[in-house]
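Remarks on the overall topology
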Amino acid sequence: MSAVLDTHGQAHEHGHHDQHGGYGGVMRWITTTNHKDIGTMYLWFSFIMFIVGGVMALVIRSELFTPGLQIVNPEFFNQLTTMHGLVMIFGAIMPAFVGFANWLIPMQIGAPDMAFARMNNWSFWLLPFAASLLMISFFTPGGAPGVGWTMYAPLTVQQGMGMDFTIFAVHLLGMSSIMGSINIITTILNMRAPGMTLMKMPMFCWTWLITAYLLVAVMPVLAGAVTMTLTDRHFGTSFFNAAGGGDPVLYQHIFWFFGHPEVYIIALPAFGVISQVIPAFSRKPLFGYASMVYATSAIAILSFIVWAHHMYTTGMPVTGQLFFMYATTLIAIPTGVKVFNWVATMWKGSLSFETPMLFAIGFLLMFTLGGFSGLILSLVPIDIQLQDTYYVVAHFHYVMVAAALFSAFAGIYFWLPKWTGKMYDETLGKWHFWLSTIFFNMIFFVQHFLGLAGMPRRVPDYPLQFETWNRISTVGAFGFGLTQLLFLYIVVKTIRSGEKAPDKPWEGADSLEWTHLPSPAPYHSFETPPVLK
Amino acid sequence: MAQTATTNPRQHYFVPQPMPWPIMGSIALFCMATGAVFVFNSHHGGWISIALGFMILLYMLFRWFGAVIGESEAGKYGKWEDVSFRWGMSWFIFSEVMFFAGFFGALFYTRVLSVPDLASLESQALLWPNFTAHWPSAGPAFSEKFSPMAAWGLPAVNTLLLLSSGVTVTIAHWALKENKRAMLSLFLFFTVALGVAFLAFQATEYGHAYSELNLKLSTGVYGSTFFMLTGFHGFHVTLGAIMLSVILVRCLLGHFKPDHHFAFEAVAWYWHFVDVVWLGLFIFVYWL
Ligand SMILES: [Cu+2]
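Looking only at helices and strands, chain A has 17 helices and 2 strands in total. With the C-alpha coordinates of chain A rotated into their principal frame, the extents come out at 70 × 55 × 45 Å. For chain A, with 533 residues in total, the buried portion stands at 64%. Considering only contacts within chain A whose residues lie at least 6 apart along the sequence, 82% involve residues at least 24 apart. Of the side-chain charges in chain A, 22 are positive and 24 negative, and the distance between the mean point of each set is 9 Å.

Okay, structure coming up:
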């Protein structure tokens, strides 16, 4: 074993069983190079940001409970919609899936840790500082930027110093994502146990490999876009200024070159989680594994040539509209392959409906709905009617919440026994699922009607005829928010007093973390690669 | 067990101990970002925060890279770790390529779409009747005269300098593999010198642009794309030259072996990347 212990450098002299490598208390978490510690921090951080962004959403929904201006002034309302979007996307959803990646990828491919353990620590520890920069912007003169999370020019040029804080926050978030992604790609390409070929990897690893590639490709472009905004604001450049020969629409092109792949950056890891959960509770291998890999790659490639479907109303030539419309509708094919494969996995399976499976099925139904409304929005003539209405809000929340968030819940219930060694409360888990699903649809299903009737988004007031649906939506939002406190309670209860979990609580689960490791997974796993059949 | 470890290089992977440098880097960047916002918005104390953050960053980089160099020289990195470093550096360079791609995209968009569009019949009828599309352009509302940067003066010399520095670094690499240490250090020194000469000429060119050509960062979209693209490139050359100098010092200290010198190669890759970006700049910003 001495060869193995050497991997810990000098520390093994004062004891390999000192799990925290020399630091205790808070310093353990600040200095850790362990993928499980870092994964845990990512997950808790994302939950905190989820609550922060959720409170902002509740203020927004409270204002929209009734026509007229009640609680907040329009400027602050705009700041809330902006920050809600940024916090949820960059603070909650993306870090949640990076947390999953940290916990699971090394265990699923039989690696001792991530390839760059120290850089992994930095990827995480940039996030709290980036989030602080975002939050500081609320307290600057003029407040946080009220420009929408997309940060369109020329509005961004006219904001106060909160905009600059936000720009630097985006830079730090981008650095974090790029370093995290390089780490994930390198881990998957170089750290697999002998015999773990790429086409034998669990689907979750595949989706993250492709997600990480997308991140490395587009985060620098976002950094460029906000840098141009910064220099337009302070150094007299004219990138987005028509008087100087630039174009505000140029910002939109650069932003959405990042923004559309970003949708898949969020969705692909969610697909990966679902591709682990559904086979486990169907007690069948994933149907069409290879086609799943190809479909994921096809989505990633297509995602680079569809960005202008967010810009149909900017005065684009018809040929441009047609190209981006056809390219966008093409994405329905690989996405359809995925949905088909998940359904076919369940077909004639020996199904059981524990909480992870419930969330996975909820994902499947509601993601399909969000996919269909996306298909509708990809069609130029319809999109011109629906642009910037609540129909769009409903569409992307079906993708972001019902797909990404629900799959994160599915994954947390699925792997919590492996992470903590304890079982969650199945009854409470089911309550969490049903309440979340009912309240979610209460919030967002009705927003389709609002959008079709013409209610514009990002406006704190509305005409009287929209009141009924808005009230239902607001009540749903509070129900959904409170339900997430139940989720927090379930997780804390599991950690503190859950029943001991078996090494493999799910009959149909077959990846390495279930078959080769005890529950909870030991602090260091696979220091020597596992032997694979 | 020890024997299997030596016969199979993939038996164990170096997982480093916990260390405080990453969070120190975050604190440094936080100070620098906050300081920069203060400076941009004319508040007091910004420069102090930037300086403080920068010093923390330097200290952190010094300690972190120091630790890595120590581990490398202590022989903790084998073939398996080496492959990780190669993937890591390749993807990092890819992300840098995409950063420049964003700015090149802005340049092409402006030249092909936005400037011609501003001279279209619609714009002429409604906004700027006298504006005609041409490149370089500072846009319809820019009234001062300026001259664009000519390609065949200093920029052409700079192209030669950078291309030859690519050759010298390759010769240095060859010398390292042949274990010709004197030649290695000499050619690495030439590479750094060529990089520094490039930067000096670039600074001269900027001075020329500001004082004689009336070409500034605020000279419409031509000035914006010209200075941002060449500026970010110059910044990357500076970083590359600093990294090459570190490698040169390490060579003089006797680091690296003919079969174990990834840090050298990583910096050489970076240098070639900077070189290729310059070729793109020379063609699309200066020449065409
Ligand atoms: Cu899109």
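All right, on to the overall build of chain B then. Within chain B, the regular secondary structure consists of 9 helices and 0 strands. Along chain B, helices and strands appear, N-terminal first, in the series α-α-α-α-α-α-α-α-α. Expressed along its principal axes, the backbone C-alpha trace of chain B runs to roughly 85 × 45 × 35 Å. Counted over contacts in chain B with a minimum sequence separation of 6, partners at least 24 positions apart contribute 71%.

Moving on, we come to the interface of chain A and chain B. Across the boundary between the two partners, chain A contributes 76 residues, which contact 68 residues of chain B. Buried area between chain A and chain B, summed over both chains or domains, comes out near 6,100 Å², and the portion from carbon and sulfur atoms is 74%. For the interface between chain A and chain B, the tally reads 1 salt bridge. A salt bridge links R118(A) to E71(B); the shortest N-O distance between them is 2.9 Å. One can count 15 residue pairs in polar contact (both at pLDDT 80 or more) joining chain A with chain B. Going through the elements one at a time, α1 (2-5), α2 (25-31), α5 (117-136), α6 (161-190), α7 (203-234) and α8 (248-282) of chain A are the ones with two or more residues in the side of chain A that touches chain B. Residues of the side of chain A that touches chain B, tallied by class, amount to 45 nonpolar, 24 polar and 7 charged.

The subject of this paragraph is the nonpolar core. What tends to happen in soluble globular proteins is that the nonpolar side chains get buried as a cluster. Residue and element names in this part refer to chain A. Of all hydrophobic cores here, the largest spans 257 residues; its most connected members are F90, F100, W208 and W342. Counting residues per element, this core draws most heavily on α7, which supplies 21 residues. W208 has contacts with F97, V98, A101, I105, I184, L215 and P269, leaving out every residue within four places of it along the chain.

Counting through the fold element by element, V249(A) comes out in helix α8. By relative accessible area, which is 18% here, V249(A) ends up buried. For the pair V249(A) and F239(A), spaced 10 residues apart in sequence, the C-alpha separation works out to 9.8 Å. Once you skip the residues sitting within four places of it in the chain, V249(A) turns out to touch M311(A), T314(A) and Y109(B).

With 33 residues, helix α7 (residues 181-213) of chain B ought to run about 48 Å at 1.5 Å a step, and its terminal C-alpha atoms sit 46 Å apart, in line with that. A positive phi of about 55° marks N214(B), the residue just after α7(B).

So, on to the environment of L194(B). All names here are of chain B. Summarising the element assignment, L194 is placed in helix α7. The spacing of L194 and N158 is 36 residues in sequence and 9.2 Å in space, taken between C-alpha atoms. Each residue touching L194, except ones within four places of it in the same chain, is listed here: L161, S164, S165 and T168.

Residue and element names in this part refer to chain A. Every protein donor of the copper ion is accounted for by H260 (ND1), H309 (NE2) and H310 (NE2), and the metal-donor separations fall at 1.8 to 2.0 Å. Here the donor residues of the copper ion are spaced in sequence according to H-x48-H-H. Of this pair, H260 sits in helix α8 while H310 sits in the loop between α9 (289-302) and α10 (318-330), and the two are 50 residues apart along the sequence.

Now for empty space enclosed by the protein. All names here are of chain A. Here the structure, examined in full by the defined rule, presents 3 cavities of 30 Å³ or more. For the second largest cavity, the calculated volume is near 160 Å³. As for the second largest cavity, its lining consists of 17 residues, of which M94, P95, V98, S176 and S177 are closest to the centre. Of all the elements in the fold, those that place two or more residues in the lining of the second largest cavity are α4 (74-109), α6, α7 and α8. Here the lining of the second largest cavity is built from residues that sort into 13 nonpolar, 4 polar and no charged.

Residue and element names in this part refer to chain A. Going through the model one piece at a time under the given rule, you end up with 94 aromatic pairs over all chains. Summarising the aromatic geometry, the rings of F47 and F487 are spaced 5.8 Å apart at their centres and angled 50° between planes, so their arrangement reads as tilted. Taken as a pair, F47 in helix α3 (residues 35-63) and F487 in helix α16 (residues 467-497) lie far apart in primary sequence, 440 residues in all. Both residues of the pair, F47 and F487, count as buried. One Lys or Arg, R28, reaches over the ring of W29 and ends 4.3 Å from the middle of that ring.

Once that is clear, we can look at the environment of I265(A). Residue and element names in this part refer to chain A. Within the secondary structure layout, I265 lies in helix α8. Judged by its relative accessible area of 4%, I265 falls in the buried class. Each C-alpha atom of the pair I265 and I382 lies 26 Å from the other, and the pair is 117 residues apart in sequence. Not counting residues up to four positions away in its chain, the partners in contact with I265 are M94, T211, L214, L215 and V218.

Scored by pLDDT, chain A comes out at a mean of 93, with 96% of its residues at no less than 70. Predicted confidence is poor over residues 1-20 of chain A, with pLDDT under 50, and the contacts of this stretch with residues over four places away or in other chains come to 27 contacts.

Following the sequence through the fold, S282(A) ends up in helix α8. The contact partners of S282(A), leaving out residues within four places of it in the chain, are T345(A), M346(A), G349(A), S350(A), L351(A) and M357(A).

Residues and elements named next belong to chain A. One pass over the full model with this rule turns up 11 salt bridges over all chains. When the shortest N-O distance is used, the salt bridge between R457 and D388 registers 2.9 Å. Of this pair, R457 sits in the loop between α15 (426-452) and α16 while D388 sits in the loop between α13 (380-386) and α14 (390-420), and the two are 69 residues apart along the sequence. For R457, a relative accessible area of 18% corresponds to the buried category.

Another aspect to go through is the domain arrangement of chain B. Interfaces are often sized by the accessible area lost when the parts come together. Residues and elements named next belong to chain B. Domains assigned within chain B are domain 1 (17-76) and domain 2 (79-287). The distance between the C-alpha centroids of domain 1 and domain 2 comes to 25 Å. With 4 residues of domain 1 at the contact, the number on the domain 2 side is 5 residues. Between domain 1 and domain 2, roughly 380 Å² of surface is buried when both sides are summed, and carbon and sulfur atoms account for 45% of that area. If you sort the residues of domain 1 by the area they bury against domain 2, I69, S72 and E73 come out on top, with a joint share of 85%.

Next up on the list: the packing of α3(A) against α5(A). Axis angle and axis distance: for two packed helices, these are the angle between their axes and the distance between the axes, and together they describe the pair. All names here are of chain A. Interaxial distance between α3 and α5 falls to 10 Å at its minimum, and their mutual angle equals 15°. Judged on the interaxial angle alone, α5 and α3 are roughly parallel. Crossing angle aside, the handedness with which α3 passes α5 is left-handed. Contact with α3, carried on its side by H35, I38, M41, Y42, F45, M49, V52 and M56, involves A117, N120, N121, S123, F124, W125, L127, P128, A131 and M135 of α5 and no other residues of that element. In the contact of α3 with α5, the residues fall into 14 nonpolar, 4 polar and no charged.

All right, on to the side chain of Q276(A) then. Secondary-structure assignment places Q276(A) in helix α8. The residues contacting Q276(A), other than those within four sequence positions of it, are Q108(A), P202(A), M203(A), F204(A), F414(A), W415(A) and S511(A).

Definitions and limits used
- Every chain is numbered independently, its residues counted from 1 as its sequence is written.
- Lettering for chains starts from A, numbering for ligands starts from 1, and both go in the order in which the items are written.
- Selection of residues for local features in this predicted model requires a pLDDT of at least 70, selection of side-chain atom pairs for listing and counting requires 80 or more, and totals for whole chains, interfaces and linings are taken over all residues.
- Side-chain measures were taken over the full set of non-hydrogen atoms in the model, leaving aside hydrogen atoms and water.
- Secondary structure elements are defined from DSSP: runs of H or I of at least 4 residues count as helices, runs of E of at least 2 residues count as strands, and each element is numbered from the N terminus.
- Type-normalised accessible area, obtained with a 1.4 Å probe on protein chains alone, sets the label of each residue: buried when under 20%, exposed when over 50%, and partly exposed for intermediate values.
- When checking whether two residues touch, look at their non-hydrogen atoms; a contact exists if any pair is within 4.5 Å.
- In this tally, Asp and Glu contribute negative charge and Lys and Arg positive charge; neither His nor the terminal groups of the chain are included.
- For the purpose of locating charges, the reference atoms are NZ of Lys, CZ of Arg, CG of Asp and CD of Glu.
- Put simply, buried area is how much 1.4 Å-probe accessible surface two parts lose in total, over both of them, once they are put together.
- In the sections that follow, a salt bridge refers to a side-chain nitrogen of Lys or Arg positioned within 4 Å of a carboxyl oxygen of Asp or Glu.
- Two N or O atoms count as a polar contact when they lie within 3.5 Å, although within protein this holds only if one can serve as hydrogen donor and the other as acceptor, and sequence-adjacent residues are included solely when both atoms are side-chain atoms.
- Side-chain classes are defined by residue name, with Ala, Val, Leu, Ile, Met, Phe, Trp, Tyr, Cys and Pro counting as nonpolar, Asp, Glu, Lys and Arg as charged, and the others, Gly among them, as polar.
- In this description, a nonpolar core means a group of buried Ala, Val, Leu, Ile, Met, Phe, Trp, Tyr and Cys residues linked to one another through side-chain atoms lying within 4.5 Å.
- Helix span, expected: 1.5 Å multiplied by one less than the number of residues in the helix.
- With water omitted from the atoms examined, metal sites may look incomplete; donors here are N, O and S atoms no farther than 2.8 Å from the metal, or 3.2 Å in the case of Na, K and Ca.
- As defined here, a cavity is a set of points on a 1 Å grid over the protein atoms alone where a 1.4 Å probe fits but cannot get out. A pocket is an open set with protein on both sides within 12 Å along at least five of seven lines, and residues line them when an atom is within 4 Å of a point.
- Grid points are joined across faces, edges and corners, and a volume is the space filled by probe spheres set on the points.
- Stacked, tilted and edge-to-face pairs are distinguished by plane angle, under 30 degrees for stacked and over 60 for edge-to-face with tilted covering the rest, among Phe, Tyr and Trp rings (Trp via its six-membered ring) whose centres lie within 6.5 Å.
- Placement of a positive charge over a ring is assigned whenever Lys NZ or Arg CZ falls within 6 Å of the ring centre and within 35 degrees of the normal to the ring plane.
- Each residue carries a pLDDT value, the predictor's own confidence for that position, ranging from 0 to 100.
- These domain limits were set by an automatic method or by a database of domain assignments.
- Axes here refer to lines fitted to C-alpha atoms; in helices the fit is confined to the stretch in contact. Angles between the N-to-C directions go from 0 to 180 degrees.
- The labels follow the angle: roughly parallel below 35 degrees, roughly antiparallel above 145, roughly perpendicular from 65 to 115, and oblique for the rest.
- Handedness of each helix crossing follows the sense of rotation of the near helix against the far helix: counterclockwise by less than a right angle gives left-handed, clockwise gives right-handed.

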